[in-house]
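Coordinate inspection notes
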Amino acid sequence: MSTILVSNRLPVTLHADQGDVVLKPSAGGLATALGSVHARGDTKWVGWPGDVARLTATERDALDRRLQDARLVPVHLTPSEVQRYYDGFSNGVLWPLCHYLLDKVNLEATRDWVAYRRVNERFADAVAKVTKPGDEVWVHDYQLALVPQLLRLRQPEAKIGFFLHIPFPSAEVFRILPWREDLVRGLLGADLVGFHTAAYAFHFAYAAAQLLGIEPAFDVLKHDERAVRFGAYPIGIDASAFEGLARDENVRADVARIRASAAGKRIVLGLDRLDYTKGIPRRLMAIGKLLDREPGLRDKLHFIQLAMPTREKVDSYADYRRTVNELVGRINGTYGTPTSVPIHLLHRMIGPKELAALYGAADVMLVTPLRDGMNLVAKEYVASRVDDDGVLVLSEFAGAATELQEAVRVNPYDIDGVAAALARAMRMPPDEQRLRMQALRKRVSAHDVGHWARSFLEHLEAASSPMSRRSPAPPPSVTLTRRVEELDSAPELVLLLDYDGTLVPFASMPDLAIPDESLIQTLMALSARPGTQVHLVSGRDRNSLERWFGAVPVGLHAEHGYWSRESIEAPWLSNSDADLGWKDAVRRMLDDVVARTEGSFVEEKTAALGLHYRATEPQLAVRRLDELKARLHGFMKEHGDVEMLEGAKVFEVRLRGINKGIIASRLAQAHPHAAVLAIGDDRTDEDMFAALPERAVTVHVGSGPTRAHYRVGNVVEVRALLDTLRSTPR
Ligand code: ADP
Ligand code: G6P
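Parameters at a glance
- Residues numbered from 1 in each chain as written.
- Chains lettered and ligands numbered in written order.
- Predicted model: local features only at pLDDT ≥ 70, side-chain atom pairs only at ≥ 80, totals over all residues.
- Heavy atoms only, no water.
- Near = heavy atom within 4 Å.
- Polar contact = N/O pair within 3.5 Å; in protein donor to acceptor, adjacent residues only side chain to side chain.
- Helix = DSSP H or I, 4+ residues; strand = E, 2+ residues; numbered from the N terminus.
- Domains from an automatic or database assignment.
- Buried < 20%, exposed > 50% of the residue type's maximum accessible area, 1.4 Å probe, protein only.
- Contact = heavy atoms within 4.5 Å.
- Buried area = accessible area lost by both parts, 1.4 Å probe.
- Salt bridge = Lys/Arg side-chain N within 4 Å of Asp/Glu carboxyl O.
- Arc of directions from axis to C-beta.
- Phe/Tyr/Trp six-rings, centres within 6.5 Å; stacked < 30°, edge-to-face > 60°.
- Lys NZ or Arg CZ within 6 Å of the ring centre and 35° of its normal.

Side note on the site of ligand 1
- Around ligand 1 there are 18 residues in total, and Gly-29, Arg-273, Lys-278, Ile-350 and Glu-380 lie nearest to it.
- A distance of 2.7 Å separates an oxygen atom of ligand 1 from a polar atom in the side chain of Arg-273.
- Interatomic distance of 2.9 Å between a backbone N/O atom of Leu-376 and an oxygen atom of ligand 1.
- Mapped by element, the contributors of at least two residues to the shell around ligand 1 are helix 1 (29-38), strand 11 (266-273), strand 12 (301-308), helix 13 (352-361) and helix 14 (376-384).
- Structurally, the shell around ligand 1 is a two-domain feature, drawing no fewer than three residues from each of domain 1 (3-232) and domain 2 (239-447).

As structure tokens, then:
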């Protein structure tokens, strides 16, 4: 078994270098982290190697062979694909949106979206080509959000994991996107979806609930008959490699050199891709503020900012670079002297040893992004501080802040606050530094990148095992169709049909779920068949059934069997004479909930009261139901004749002992030789299935546990089944 890693960028990228084209290591946290996983040796890595447009066909073949030797599988993109899928949609829409920088989101991006879809298709094709049965596929990051679903279409049994390296924003922000449902569905193609923090995972579950009506749950979402697990898997770094470098003699010598050149000043370090999420201008302003406020620090602070150029074709990145340059110029112009300046800005990528030397030399590390999925730089600095000294100043908006509690935490939007935190960090006594750094180092080395990959892949293995993947496998529908055709030979046939979710789909308001003309025609035709009786057994109130089906020659059973109209000629009769005095008190409780719960309402029936909450904000609904159930538990101690029932976005309090089973067993007894077909979609229909003799053909609609013999996917399939019966000649 191999692991197929999939990410937009391969760990190496083609660059033009003085007329030559060379492969250089790719920048950023994703390449760093997956690099350690790929080093294991049993992986292949599918991704984009950078712009090959200027290569000749021969050069390109040579490149592909080189990549192949490194187990890298290239997906070559045309310049226009790069422009629309990568610059346009990935980095012009998803990146700023997920980092809450809404003014930078381009919402006029329909053509970019089309390209994004197409490139995701191309990735799915490339992955499908190299994946063998039993392999696990691990897709990474926002550039490839549709790949899990697209790959699932190509390989339904594949083990697919997805990890998002950037924040999943609040659902309120996410739903701004015109393409929001497609993106969530894309991710739900995976067996396991991982995020850096629990907060991102909750945002995702909430978006799925809000946009696709999926019940919000703690760690699993039911989608398309599959269980999709999700959770927090905070990414780590290769801590021992950083420790090793920090102890390397050459690196130590470099540290000493950097310190000497800083001439006794406190060295403060910033190290980022030159990305507007990293908060570099505000960081610089905080430094300016501090130097203004405390002139004594002007010849004590030596700030080095490494700012690696990135995504330079996207306008907002070019603007950002200008802003940073101007600010550095202004601050150095104001606070510099003829012999020194406070800020040293370097626009370039450096190698691991140089990086280790800078981490080793920095007394204070400033990591102040406005938003960051995790931020590996913070962890790398900690791992490099093998002498347990140094101070990490960390933005509370970086995912890393959840784990690195002992850092000096700052709100990067609060420039005064950052300035004060920097002053504090520069003056922090060695004992406090040690106390904090030891705790940080312990965590960073325990939760390293190996731990991250192992725990994700172990959970992926469990999540994609056949046991956990599906609710019981539906028997082949061809068997069901044959069974239904066979029912035809029985002298008598009784159909028991639930209504909502079985014959018609759910609507936002119960009154909108009206039967269409073709359903009425089907029921008419079925009941006209010789020896055939059709009964609608529903939780609906009697008035609705009468209004819609009064003139149809079928049996009607309302309120889960409290009322029955056995045939078109028969009157409505109640199946119980129990006291309903409890209703007033329950109605008051439900009215109280509705008054405080937007989008909910009470449905009144004779022997039941239902609280509908389909339009309610999902987490509020869960909370209100918990409150209500707690109150009802007390009430029910004194009213043993009342029970609670949870349906599809409706919570019902009803007379105990009345259920669809009463109707089913009465009809089965009245027609002992009849063949029976019962179809329903929710828990109340299970009472009906349980009360029928074993030979009855019982059919459950949708996913979820059931005792029914057969399963169909949805209303459309039920209607097809009834049409089969209708058209079978007797
Ligand atoms: P992001 O993934 O958004 O770039 P991270 O902080 O998670 O942010 O990861 C950045 C990675 O890139 C780290 O591994 C860091 O060491 C590396 N890096 C950042 N700047 C430079 C630079 N100038 N030269 C070399 N590596 C850099
Ligand atoms: C972040 C993203 C990665 C991306 C990296 C570098 O870490 O989460 O997906 O690879 O930045 O960005 P780039 O656009 O150069 O690949």
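Let's talk about the side chain of Thr-368
- When you line up the elements, Thr-368 lands in the loop between strand 14 (364-367) and helix 14.
- Its relative accessible area of 2% is what places Thr-368 among the buried residues.
- Reaching out from Thr-368, the side chain makes a polar contact with the side chain of Arg-283 at a distance of 2.8 Å.
- What Thr-368 contacts, discounting residues up to four positions off in sequence, is Lys-278, Gly-279, Arg-283, Ser-395, Val-410, Pro-412 and Val-418.

Remarks on the domain arrangement of the chain
- The domain architecture assigned to the chain consists of domain 1 (3-232), domain 2 (239-447), domain 3 (481-575 + 658-727) and domain 4 (583-655).
- Placing a centre on the C-alpha atoms of domain 1 and another on those of domain 4 gives a separation of 43 Å.
- Contacts between domain 1 and domain 4 engage 6 residues on the former and 4 residues on the latter.
- The contact between domain 1 and domain 4 buries some 470 Å² in all, and 57% of this surface belongs to carbon and sulfur atoms.
- It is Tyr-206, Glu-215 and Pro-216 that lose the most area in domain 1 upon contact with domain 4, and together they represent 78% of the buried surface on that side.
- If you look at where domain 1 meets domain 4, you find 0 salt bridges.

Some words on helix 9 (residues 239-247)
- Of the residues making up helix 9, those classed as buried are Ala-239, Phe-242, Glu-243 and Ala-246. Along the long axis of helix 9, the arc covered by the buried residues comes to 100°, so they all point the same way.
- Where the residues of helix 9 are buried, they touch helix 10 (249-261), helix 13, helix 14 and helix 17 (430-446).

Examining the packing of aromatic side chains
- Within this structure, the stated rule accounts for 27 aromatic pairs.
- Pairwise contacts between aromatic rings join Tyr-85, Phe-89, Trp-113, Tyr-116 and Trp-179 into one cluster.
- Here Arg-311 stacks its cationic end above the ring of Trp-95, 4.2 Å away from the centre of that ring.
- For Arg-542, the ring lying beneath its charged end belongs to Trp-563, and the centroid distance is 4.4 Å.

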